[in-house]
Amino acid sequence: MTGNRGLGQWCRDRKVSTKVLAVAAVAIAGTVTTGILSITGIGALQNSRNTEIAKVLPYSTNLNAAALAAKAAANDERGFLLKGDASFSKEAFGRKEKVDGALAAAREVADSAEASRVEAIQAATDKWFAALRSEFALYADQPAAATTLALGANRDLRKAYETLLAQEIDYADAALLKGKEFDATVSRTRTLVTVMASTALVLAVVAALYVARLLVQPLRRVGQVLDRVAEGDLSGDLQVHQRDEIGAMADSLRRATGTLRQTVTDLGEHAQTLAAEAEALAQTSRHSSANAEQGAQQAATVAESAATMSHNIQTVAAGAEEMGASIREISQSATQAAQVASRAVEVTSATSAVMAKLNESSAEIGDVIKTITAIAEQTNLLALNATIEAA
């Protein structure tokens, strides 16, 4: 975290609401700048147009002044022809100075094309005033011819300059009307740009705040649930109901916490089952230990009995051995007696009596041997049973 502390990291560390509002601020600044530049540009256009109008207005005014002066000169012509009064002729030629002055003023504010048209008007008026001078001179001697000239050729000259003046005045008036329309368009456009920029500004602020709220509130809820999960509390439930990326994240977290809750519940149940099984196993172990102790005691008893029986068997075996020794001695005695019998016939009767007694003793010895054999077999059987029980 401390290894990358540039501008990018600083931007990443800002809150979501700050980031959204920063983007909105950039858009708002762009909108405001565009609006200001638009209004400034419109004002510049209006100023430029006003400059043109300021030029066209005196141009039109001077043309109209020239037309009025020429019209007044034509009226003086009619007065002179009706009465022959020299004052009318004098006033008529006095009008020419006004016409020439107005046309000169119009040329000063005109562009090249307009100046050429003003020159044409000047030439037409000069031609008419020259004809008018000839007409007035002719009137002194030939009034009828002067009247005919006034109604003929001079009238055509007057119509020529009047036509040129009327066309140029219409051109100037049209330019003035366009200026007025332009002013109206400028005012309307300025108002529209101002209203649209203000509306866009308000909507941008409201939209930025609303979007920031849509992002921040669910993120805070997700953070609160994650904090509770970190503390071991899996009972938190997300109240996020939207279908964007944040809603998908909330659904994933909701499924994860549900799975963890189920896992913990299963682990608790398995732990209880394992505890019960362990208790049963401990009880079985206690029973097995008791049974083993009892078996050990019984085995010790059997072993003790076997030891006693073995001692008895050893005693019987010793008696049997002594009996065998006695039998061997008796047999030796019998053998000696037979030898004595064979040697001493004279003592046969006495020996026969002794042999009879020996036979009885032998029979008794045989019975004793059978008894000892039976006791040995029973002793072996008891020893075998004791070994089986001990096992």
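Okay, so let's go over this structure. (Residues numbered from 1 in each chain as written. Predicted model: local features only at pLDDT ≥ 70, side-chain atom pairs only at ≥ 80, totals over all residues. Heavy atoms only, no water.)

## With respect to the pattern of salt bridges
And step 1. This model, assessed by the stated rule, comprises seven salt bridges.
And step 2. A salt bridge links Lys96 to Asp100, with the nearest nitrogen and oxygen atoms 2.8 Å apart. With Lys96 and Asp100 both in helix H3 (residues 86–109) and four residues apart, this pair spans about one turn of that helix.
And step 3. We classify Asp100 as partly exposed; its relative accessible area is 23%.
And step 4. One salt bridge in this structure joins Glu162 and Arg158, with 3.7 Å as the shortest N-O distance. With Glu162 and Arg158 both in helix H6 (residues 153–230) and four residues apart, the pair spans about one turn of that helix.
And step 5. The partly exposed category is assigned to Glu162, whose relative accessible area is 22%.
And step 6. Taken together, the shared-partner salt bridges in this structure form one network comprising Glu77, Arg158 and Glu162. (Salt bridge = Lys/Arg side-chain N within 4 Å of Asp/Glu carboxyl O. Helix = DSSP H or I, 4+ residues; strand = E, 2+ residues; numbered from the N terminus. Buried < 20%, exposed > 50% of the residue type's maximum accessible area, 1.4 Å probe, protein only.)

## Quick notes on the side chain of Ser60
And step 1. Within the element layout of this structure, Ser60 appears in helix H2 (residues 16–83).
And step 2. Sequence-distant contacts of Ser60, defined by excluding residues within four places in its chain, comprise Ala172, Asp173 and Leu176. (Contact = heavy atoms within 4.5 Å.)

## Thoughts on the packing of H3 against helix H4 (residues 112–141)
And step 1. Axis separation between H3 and H4 bottoms out at 10 Å; the angle between their running directions is 170°. It follows from the interaxial angle that H3 and H4 lie roughly antiparallel. Note on element contacts: H4 touches H3 through Glu114, Ala115, Val118, Glu119, Ile121, Gln122, Thr125, Asp126, Phe129, Leu132, Arg133 and Phe136, opposite Ser89, Ala92, Phe93, Arg95, Lys96, Val99, Asp100, Leu103, Ala106, Arg107 and Val109.
And step 2. In terms of residue class, the contact of H3 with H4 is built from 12 nonpolar, three polar and eight charged. (Axes fitted to C-alpha atoms, helices over the stretch in contact; angles between N-to-C directions. Parallel < 35°, antiparallel > 145°, perpendicular 65-115°, else oblique. Nonpolar A, V, L, I, M, F, W, Y, C, P; charged D, E, K, R; others polar.)

## Things to note about the packing of aromatic side chains
And step 1. Considering all chains together, one arrives at five aromatic pairs under this definition.
And step 2. Their ring planes at 70° and their centres at 4.9 Å tell us that Trp128 and Phe129 sit as a pair that is edge-to-face.
And step 3. By relative accessible area, which is 3% here, Phe129 ends up buried.
And step 4. Taken together, the ring pairs in this structure connect Phe80, Phe93, Phe136 and Tyr139 into an aromatic cluster.
And step 5. Above the face of the Tyr171 ring, Arg117 is positioned so that its terminal group lies 4.7 Å from the ring centre.
And step 6. We note Arg133 situated over the ring of Phe93; from NZ or CZ to the ring centre the distance is 4.0 Å. (Phe/Tyr/Trp six-rings, centres within 6.5 Å; stacked < 30°, edge-to-face > 60°. Lys NZ or Arg CZ within 6 Å of the ring centre and 35° of its normal.)

## Focus: a positive patch on the surface
And step 1. Positive charge collects at one region of the surface, where Lys71, Arg78, Arg155 and Lys159 lie side by side.
And step 2. At the level of elements, H2 and H6 are the ones that each hand at least two residues to the positive patch.
And step 3. Structurally, Lys71 can be placed in helix H2. (Patch = residues over 30% accessible without salt bridge, like charges linked within 9 Å, V, L, I, M, F, W, Y side chains within 5 Å. Areas by Shrake-Rupley, 256 points an atom, 1.4 Å probe, with all protein chains shown as cover. Lys, Arg positive; Asp, Glu negative; His and termini not counted. Charge placed at Lys NZ, Arg CZ, Asp CG, Glu CD.)

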